[in-house]
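Inside the fold
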Amino acid sequence: MKKTLAALAVLGTLAGSAVAGDVTIYGRIDGGFALTDWEKTTFAGMKTDGDKFVMDSGLGSTNRVGIKGSEKISDDLTVGFVLETKLNGDTGVAFDDSGKTGFNRESLIFAQTNYGTFYAGRVGSMWSDGGATNFWAGNYVVAGTGGAAGLIQGTGLMVSESAREANRISYVSPEFGGFKLYAEYSFGAGVKDEDDIVYNENTSKDDRPSAIGLNYLNGPFGMGAVLTYRNEASVTLAGVHDDQEDELTFNLGTHYDMGWANFKLAGQYFKGADKIGNTTGLLDLDSMTFDDLKGYSIATGATVPAWGGTWDIGVYYTDAETDTPDGKYGHVDFKAYNVGALYAYPLSKRTVMKTGIGYVKAEADADNADHTSEYEATIAAITLLHYF
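The structure displayed is predicted, hence computed values, not measured ones.

Definitions and cut-offs
- Residues numbered from 1 in each chain as written.
- Predicted model: local features only at pLDDT ≥ 70, side-chain atom pairs only at ≥ 80, totals over all residues.
- Heavy atoms only, no water.
- Helix = DSSP H or I, 4+ residues; strand = E, 2+ residues; numbered from the N terminus.
- Buried < 20%, exposed > 50% of the residue type's maximum accessible area, 1.4 Å probe, protein only.
- Contact = heavy atoms within 4.5 Å.
- Areas by Shrake-Rupley, 256 points an atom, 1.4 Å probe, with all protein chains shown as cover.
- Patch = residues over 30% accessible without salt bridge, like charges linked within 9 Å, V, L, I, M, F, W, Y side chains within 5 Å.
- Salt bridge = Lys/Arg side-chain N within 4 Å of Asp/Glu carboxyl O.
- Lys, Arg positive; Asp, Glu negative; His and termini not counted.
- Charge placed at Lys NZ, Arg CZ, Asp CG, Glu CD.
- Polar contact = N/O pair within 3.5 Å; in protein donor to acceptor, adjacent residues only side chain to side chain.
- Core = buried A, V, L, I, M, F, W, Y, C linked by side-chain atoms within 4.5 Å.
- Phe/Tyr/Trp six-rings, centres within 6.5 Å; stacked < 30°, edge-to-face > 60°.
- Lys NZ or Arg CZ within 6 Å of the ring centre and 35° of its normal.

1. Topic: the overall build of the protein
- For the protein, the helix and strand inventory stands at two helices and 17 strands.
- The buried share of the protein, taken over its 388 residues, is 44%.
- Nonlocal contacts in the protein, meaning residues at least 24 apart in sequence, comprise 58% of its contacts between residues at least 6 apart.
- Total accessible area on the protein is roughly 18,900 Å²; 57% of this is exposed by carbon and sulfur atoms.

2. Some details on a negative patch on the surface
- Negative charge collects at one region of the surface, where Asp37, Glu39, Asp49 and Asp51 lie side by side.
- Mapped onto the negative patch, the elements with two or more residues apiece are β1 (22–41) and β2 (47–57).
- Along the chain, the position of Asp49 falls in strand β2.
- Since its relative accessible area comes to 59%, Asp49 is described here as exposed.

3. Regarding the environment of Ile73
- Its place among the elements puts Ile73 in strand β3 (residues 64–74).
- Measuring from C-alpha to C-alpha, the distance between Ile73 and Ala111 comes to 9.9 Å, with 38 residues separating the pair along the chain.
- The contact partners of Ile73, leaving out residues within four places of it in the chain, are Thr78 and Val79.

4. Things to note about the side chain of Arg168
- For Arg168, the location among the structural elements is in strand β7 (residues 164–172).
- Here Val123 takes part through its backbone oxygen, which lies 2.9 Å from a polar atom of the side chain of Arg168.
- Sequence-distant contacts of Arg168, that is, excluding residues within four places in its chain, are made with Tyr119, Ala120, Gly121, Val123, Gly124, Ser125, Glu161, Ser162, Ala163, Glu184, Tyr185 and Ser186.

5. Re the nonpolar core
- Trp136, Tyr316 and Phe334 are the most contacted members of the largest nonpolar core, which totals 51 residues.
- Look past the residues within four positions of Tyr316 in its chain and what remains in contact with it is Val141, Val142, Ala143, Ile152, Gln153, Gly154, Leu157, Ile298, Ala299, Ala336, Tyr337 and Asn338.

6. A closer look at the packing of aromatic side chains
- In this structure the tally under the stated criterion is 15 aromatic pairs.
- Taking the centre distance of 4.7 Å and the plane angle of 40° together, the rings of Phe43 and Tyr329 count as tilted. With Phe43 in the loop between β1 and β2 and Tyr329 in the loop between β14 (309–322) and β15 (332–346), this pair connects stretches of sequence that are 286 residues apart.
- Owing to a relative accessible area of 3%, Phe43 belongs among the buried residues under this scheme.
- Among the aromatic residues, ring-to-ring pairing joins Phe179, Tyr216 and Phe221 into one connected group.
- A cation over a ring is seen here: Lys68 above Tyr26, with NZ or CZ 5.0 Å from the ring centre.

7. Looking at unusual backbone geometry
- Residues other than glycine seldom take positive phi values, yet Asn202 does so here, at roughly 60°.
- The residue Asn202 is located in the loop between β8 (179–186) and β9 (208–218) in this model.

As structure tokens, this is what we get:
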């Protein structure tokens, strides 16, 4: 009731008045400390190393504030909305990694019917572990999209299907015998032309990602698959054709909860990728333009209840190569792995303490390079996470 009254008060401030069947303010805020010891070798053989100790936010979970509401129109129709923004708890700045402000995590309207639920707006992906339609990473990858400063990577060693996209339409079917069908298509964020006038939404000048997924849950057992396809922009803003290779991923995961541990196994095949999660940027690869990475990723581990809390223990590996040679380095082979453990202890129903340690290593071999490019780091973190 307090949340509903607070939400109505906020909406009243923003719009002068607010009338809704059900409106709630929600969110989470997280802050803690991380220690990283790292070293790096470039293709030229230059070695650097160091350590850093920082206070940061979002170590255990992405900070966010949201407003959501719904109204039951009839017995077979409910209409609602979600407005959610990311923020940095240590600075108070609200933005996402691409610099977007406002309701950058989700901004959508939905209609729930007897035939399924339809979403439109800036909608989260079925592939991720956040947003209105997610199901894959949270169910089948230990730590989902990652946590605690990268010590336990989750999907960080995979090619990420966009966690959220503007101008996306999504559909989630009713459940049939434990199965649910998911589908999504994005018209693209809309790219302005060289005169900064026309938005090229849903044209060959913008990326248009889409995906279809199937999830099956039956008691302690679950299995889910997601096929993603990114129709990449094939015409530059100047009207010049560019031979971009479209990105494709196939993702398959399963879990089995034995009570004393929930075991998870997930795999991904990809081709036409521009980057691989959080890891290609750690090497010299961040200065190279990829459009044809192909390979596979594997994630396995378990969530184990212990000592009044839970352990997330994960092992992650990826192996990839360029399908066509880079102009400077020739063919490039890329490998990375991560092992990590993260312990979460609930101090109350809404407050959780998290701590853990992890190790990550990535390396790239290039035909025309004198040395192997390598990055490795050991990370430890502790954070306090509060839900509201």
